Amino acid sequence: MKQKKMALINDVTGFGRCSVAVMAPIVSAMKIQAVTIPTAILSTHTQFPEYFFDDYTPKMRDYIQTYKNLNMEFDGIATGFLGSKEQVEIVIDFIQTFAKKDSMVLIDPVMGDYGQLYKTYTQEMCEKMKELVCHANILTPNLTELCTLLDMDYGTGKFSTDELHDMCRELSERGPENIVVTGIPFHKKQIMNYIYSKNEDPQIVMVDRIGVDRSGTGDVISSVIAGMYMNGHSFYDAVSKAAKFASKCIKYCEDNQVPSHWGLCFEMYMKDLMED
Ligand code: PXL
């Protein structure tokens, strides 16, 4: 079988296990060739008290042009944190140029958490992000991002499964046929992932909450989902594998007292991702 290629449009961060540093090894373990398109270069991620940050936006178009000249195609495209309206525009153009009819396009609309948008997120970027998500076939928002994309009030952050269903259906009508609302707190001790696939009954993957929230968890989850889905698994199986894999990594971090901003020690369990 022809080996597949996935474009990872994301930042390259040296220390802290996030973005490309997580996604490339994870999809590689799943036999998919990872192609990095950097959005920024950082020494450590932004949860550290100090970091070197080099915005790559002015160079992205030239970088991508060589792939256009090579008539490259990608079987998958995955995006994460984007730093400016212009970067979102570059990503839309990238998808329009390189996605084939049956390519997987996963967009993790990294915009905020706990009912608040990140400080870097302007209203203009929110509007562009709403445009970008229409080009996805997989979307992995948390509750904050789901509400923002729908212009809904986050309120107390409590939504019934009927409400989640209506919200996902509305978002899905704009394009993405598979949506997982990640990291929904459930009865303090659990985390719910709400899975919506167009024309199918919704499903839920529940995992135990282990310790504190850890940066980079979203990148581990989205890359396992992307890899599984590209390898022919159902969306439900992809989410289930991703949530369980992340939980196992988090447990290792807790047991070994790894600081919460060092990311997940996914290296310890890479072989769980390998299939014959
Ligand atoms: O996905 C987490 C992440 C990715 N990239 C950068 C970050 C973070 C989390 O803080 O700062 C640059």
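Per chain, the residues get numbers from 1 upward, laid out in the order the sequence is written. Given that the model is predicted, a residue must reach a pLDDT of at least 70 before its local features are reported, and side-chain atom pairs must reach 80 or more before they are shown or counted; all residues, however, enter totals for whole chains, interfaces and linings. Neither water nor hydrogens contribute to the side-chain values; these are computed over all heavy atoms in the structure.

1. Let's talk about the pattern of salt bridges
Link 1 in the chain: Basic side-chain nitrogens of Lys or Arg form a salt bridge, by our definition, when they fall within 4 Å of a carboxyl oxygen of Asp or Glu. If you walk through the whole model with that rule in mind, you get 15 salt bridges.
Link 2 in the chain: A salt bridge links Lys130 to Asp151, with the shortest nitrogen-to-oxygen separation between them at 2.9 Å. Pair noted here: Lys130 is in helix α4 (residues 123–133) and Asp151 is in the loop between α5 (143–149) and α6 (161–172), with a separation of 21 residues, a long-range link.
Link 3 in the chain: Put simply, Glu254 and Arg214 hold a salt bridge, and the shortest N to O gap is 3.0 Å. Taken together, the residues Glu254 in helix α8 (residues 235–255) and Arg214 in the loop between β11 (203–208) and α7 (217–230) connect sequence positions 40 residues apart.
Link 4 in the chain: Judged by relative accessible area, Glu254 falls into the partly exposed class, the value being 27%. A run of H or I in DSSP counts as a helix once it spans at least four residues, and a run of E counts as a strand once it spans at least two, with each numbered from the N terminus. Only protein chains enter the accessibility calculation, which uses a 1.4 Å probe. A residue is then buried if its area is under 20% of the maximum for its type, exposed if over 50%, and partly exposed in between.

2. So, the site of the ligand
Link 1 in the chain: Taken together, Asp11, Cys18, Ser19, Leu42, His45, Thr46, Gln47 and Asp219 form the complete shell of residues around the ligand.
Link 2 in the chain: Separating a nitrogen atom of the ligand from a side-chain N or O atom of Ser19 is a distance of 3.2 Å.
Link 3 in the chain: Polar contacts, as used here, are pairs of N or O atoms within 3.5 Å; protein pairs need one atom able to donate a hydrogen and one able to accept it. Residues neighboring in sequence count only if both atoms are side-chain atoms. For the ligand, an oxygen atom lies 2.6 Å from a polar atom in the side chain of Asp219.
Link 4 in the chain: Accessible surface area values rest on a Shrake-Rupley calculation with a 1.4 Å probe, where residue burial reflects the displayed protein chains alone. For the ligand, whose accessible area on its own is 310 Å², the fraction buried by protein is 83%.
Link 5 in the chain: Put simply, Ala, Val, Leu, Ile, Met, Phe, Trp, Tyr, Cys and Pro go in the nonpolar bin, Asp, Glu, Lys and Arg in the charged bin, and everything else, Gly too, in the polar bin. Residues of the shell around the ligand, tallied by class, amount to two nonpolar, four polar and two charged. When we say a residue is near a molecule or strand, we mean one of its heavy atoms is within 4 Å of it.

3. A few points about the packing of aromatic side chains
Link 1 in the chain: Here a pair means two rings of Phe, Tyr or Trp (six-membered ring of Trp) with centres within 6.5 Å. Their orientation is stacked below 30 degrees between planes, edge-to-face above 60, and tilted elsewhere. Applying the stated criterion across every chain yields a total of ten aromatic pairs.
Link 2 in the chain: Their ring planes at 80 degrees and their centres at 5.9 Å tell us that Tyr63 and Tyr67 sit as a pair that is edge-to-face. Taken together, the residues span about one helical turn, with Tyr63 and Tyr67 both in helix α2 (residues 57–69) at a distance of four residues.
Link 3 in the chain: Consider the rings of Phe94 and Phe98, whose centres lie 4.5 Å apart with planes at 40 degrees: the pair is tilted. Here Phe94 pairs with Phe98, and both are found in helix α3 (residues 85–98), just four residues apart, close to one helical turn.
Link 4 in the chain: Given the relative accessible area of 1%, Phe94 is considered buried.
Link 5 in the chain: For Phe98, a relative accessible area of 2% translates into the label buried.
Link 6 in the chain: Taken together, the ring pairs in this structure connect Tyr56, Tyr63, Tyr67, Phe74, Phe94 and Phe98 into an aromatic cluster.
Link 7 in the chain: Should the NZ of a Lys or the CZ of an Arg lie within 6 Å of a ring centre and within 35 degrees of the ring normal, that charge is described as sitting over the ring. When the ring centre of Phe74 is taken as origin, the NZ or CZ atom of Lys5, which lies over that ring, is 5.9 Å away.

4. What to know about the state of the cysteines
Link 1 in the chain: When two cysteine sulfur atoms lie within 2.5 Å, the pair is treated as a disulfide. Inspection of every chain in the model, using the stated rule, returns zero disulfides.
Link 2 in the chain: For Cys253, which is in no disulfide, the shortest distance to another cysteine sulfur is to Cys265 and amounts to 3.7 Å.

5. Some words on the nonpolar core
Link 1 in the chain: Among the nonpolar cores identified, the biggest contains 44 residues, and Phe94 and Leu132 are the most heavily contacted of them.
Link 2 in the chain: Looking at this core, the element that brings in the most residues is α3, giving seven residues.
Link 3 in the chain: Contacts: residue pairs with any heavy atoms within 4.5 Å of one another. In this structure, Phe94 is in contact with Ala7, Ile9, Ile37, Ile64, Phe74, Ile77 and Ala99, ignoring residues within four places of it in sequence.
Link 4 in the chain: Val224, Ile225, Phe235 and Val239 belong to the second largest nonpolar core, which has 41 residues in total. What is meant by a nonpolar core is a set of buried Ala, Val, Leu, Ile, Met, Phe, Trp, Tyr and Cys residues, joined one to another through side-chain atoms within 4.5 Å.

6. Overview of the side chain of Glu145
Link 1 in the chain: With respect to the helices and strands, Glu145 occurs in helix α5.
Link 2 in the chain: Counted charges follow a simple rule, with Lys and Arg positive, Asp and Glu negative, and His plus the chain ends left uncounted. Despite being buried, Glu145 has no salt bridge partner; Arg174 is the closest side chain of opposite charge, sitting 13 Å away.
Link 3 in the chain: In this structure the side chain of Glu145 is engaged in a polar contact, spanning 3.4 Å, whose partner is the backbone nitrogen of Gly112.
Link 4 in the chain: In this structure Glu145 touches Asp108, Pro109, Val110, Met111, Gly112 and Thr140, once residues within four positions along its chain are discounted.

7. What about the pairing of strand β10 (residues 190–197)?
Link 1 in the chain: Judged by how many residues are buried, β10 sits mostly within the fold: seven of eight residues are covered.
Link 2 in the chain: Pairing of strand β9 (residues 178–186) with β10 involves seven bridges; the strand directions are antiparallel. If you follow Val181 over to β10, its bridge partner there is Tyr194.
Link 3 in the chain: If you look at the hairpin formed by β9 and β10, you'll find three residues sitting between the two strands, and His187 has a positive phi there, around 50 degrees.
Link 4 in the chain: Any two strands between which DSSP finds at least two bridges are classified as paired. Linking two consecutive strands that pair antiparallel, namely β10 and β11, is a turn of five residues; a positive phi of about 60 degrees is found at Asn199 within it.

8. Some words on the side chain of Thr144
Link 1 in the chain: Looking at the secondary structure, you find Thr144 in helix α5.
Link 2 in the chain: Excluding anything up to four places from it in sequence, Thr144 contacts Gly112, Asp113, Tyr114, Gly115, Gln116 and Tyr154.

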